[in-house]
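Architecture at a glance
Chain residues, written in single-letter form:
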Amino acid sequence: MEPNLTGRLRAALQPALRWETGLAIVVVAVIAFGGLTSPQFLTSGNFFNLSVSSGEIAIMALPMTLIIISGEIDLSVASTLGMSSATLGFLWNKHWPMLAIFVVLAVLGVVAGLINGLLVTRLGLPSLAVTIGTLGLYRGIAQIILGANTISTFPASYTTIGVNPIPHTNIPYSVAIFIVLAVIFGVVLHATATGRSVYAMGASPEAALFAGIRVKRIKTLLFVTSGLVCSMAGALWTFRLATAVWNNAIGLELSVVAVVLLAGVSIFGGKGSIVGVVLAVIIFAGLQNALLLTNFNQEATGIVTGGLLLISVFVPNGAALIGRARGLVRRNPTELAAIGVAHD
């Protein structure tokens, strides 16, 4: 009776012990913390500013989620954004029509992602090394394109997209785009064969290959999607700041990775959800905003990013280590001795 009762209790409590449930609790705690530390935190104007300032990070976190679940990583996201922003400013300064510039940015993002994808899947290079390299490459290209120039002559009809809400609402354009993309990515990841393949690749690439999954093709497509999304996020970033410079969004890749890992996406692949990403974005943006409203040193907000990265990596693996330790303790002395002899 007792083992059956314990099993039923575990089954009943399992939904409450999910990572996303913990994130939801943290969201409530962050909102309470912000409300207690500053009377401005819970105002509609502050929520709007909070959403606007985190829109690009949230958007870039979506393709990053699928890439990490597949067992890879893309650290060139912020540099792709910066290269897109520099290209936008350069072409606008050359009097190109904005529609043509958008087409160029889309192609630029696809090419940037394709370079990453081909180097990883066709040459078999580790994605960490590849995207660190393209991080520097794409940022260097942005610097070559604009140099020390600053372009800020964009028409108000575009710059208002970054700072004004959708008409008759209080929702920023970037948030609306994030919501639409989150639904699309969520459906693909959780309700299609492609999404199941992404999980399978992250859990075991060899098993995925034996199962007939086109691992190389899907991973390349994921990198291409990341490049495209990040390039278009570069346009949003440029319009929000009404300025194109070569170092736009420099260092932002750490914030994107921090959000994705905080969402419960395993750095080793095979695990994660879009719901977790949405909650992690709220936590990340809310915590940074609350600290800034308390006159926290703005230059030290990297502490938040670093702290969330460490927590999101340590907590899941800490639980696994504790589980292993318990398993060893439960073993009988003969098994432990055999393990010791084998290791010796």
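Residues numbered from 1 in each chain as written. Predicted model: local features only at pLDDT ≥ 70, side-chain atom pairs only at ≥ 80, totals over all residues. Heavy atoms only, no water.

**With respect to the pattern of salt bridges**
The cut-off we apply is this: Definition used for salt bridges: Asp or Glu carboxyl oxygen within 4 Å of a side-chain nitrogen of Lys or Arg.
A full pass over the atoms with the stated rule returns 3 salt bridges. Between E20 and R18 there is a salt bridge, with the nearest N and O atoms lying 3.4 Å from each other.

**Some thoughts on a nonpolar patch on the surface**
Just so we agree on the cut-off: Candidate patch residues must exceed 30% relative accessible area and have no salt bridge, after which like charges are joined if within 9 Å and Val, Leu, Ile, Met, Phe, Trp or Tyr side chains if within 5 Å. Accessible surface area values rest on a Shrake-Rupley calculation with a 1.4 Å probe, where residue burial reflects the displayed protein chains alone. For the purposes of this entry, the term helix denotes a DSSP run of H or I that reaches at least four residues, the term strand denotes a run of E that reaches at least two, and both are numbered from the N terminus.
Taken together, the side chains of V103, V107, V111 and I115 make up a nonpolar region of the molecular surface, amounting to roughly 310 Å² of accessible area. Along the polypeptide, V103 turns up in helix α5 (residues 98–121).

**Things to note about helix α2 (residues 19–37)**
For clarity, the threshold we go by: Helix span is expected to be 1.5 Å times the residue number reduced by one. Partly exposed residues are those whose accessible area sits between 20% and 50% of the maximum for their type, while under 20% is buried and over 50% is exposed, using a 1.4 Å probe and protein chains only. Comment: arc refers to directions from the helix axis out to C-beta atoms.
Look at α2: 27 Å from first C-alpha to last across 19 residues, which is about the 27 Å you get at 1.5 Å a residue. Residues of α2 that are buried: E20, L23, V27, V30 and G34. For α2, the angular spread of the buried residues around the axis is 65°, confining them to a single face. Exposed residues pointing more than 90 degrees away from the buried face of α2 are listed as I25, V28 and L36.

**Quick word on the nonpolar core**
For the record, the criterion: We define a nonpolar core as any set of buried Ala, Val, Leu, Ile, Met, Phe, Trp, Tyr and Cys residues linked to one another through side-chain atoms lying within 4.5 Å. Residues are treated as being in contact if the distance between any of their heavy atoms lies within 4.5 Å.
Core analysis: the largest hydrophobic core is formed by 60 residues, its most contacted members being M60 and M64. Counting residues per element, this core draws most heavily on helix α3 (residues 44–69), at 11 residues. Among all residues touching M60, those that are not within four sequence positions of it are V77, L81, C230, A233, L252 and V256. Counting 16 residues, the second largest nonpolar core, distinct from the first, contains M83, L91, L146 and A244.

**Concerning the packing of α5 against helix α11 (residues 215–241)**
Note the cut-off: Fitted lines through C-alpha atoms give the axes, limited to the stretch in contact for helices. The angle between two N-to-C directions lies from 0 to 180 degrees. Should the near helix be turned counterclockwise from the far one by less than a right angle, the crossing is left-handed, whereas a clockwise turn marks it as right-handed. In this classification, Asp, Glu, Lys and Arg are treated as charged, Ala, Val, Leu, Ile, Met, Phe, Trp, Tyr, Cys and Pro as nonpolar, and every other residue, Gly included, as polar.
Orientation of α5 relative to α11, taken along the N-to-C sense of each, is 145°, at an axis distance of 7 Å. Seen along the crossing, α5 lies across α11 with a hand that is right-handed. The class makeup of the residues in the contact of α5 with α11 is 14 nonpolar, 8 polar and 2 charged.

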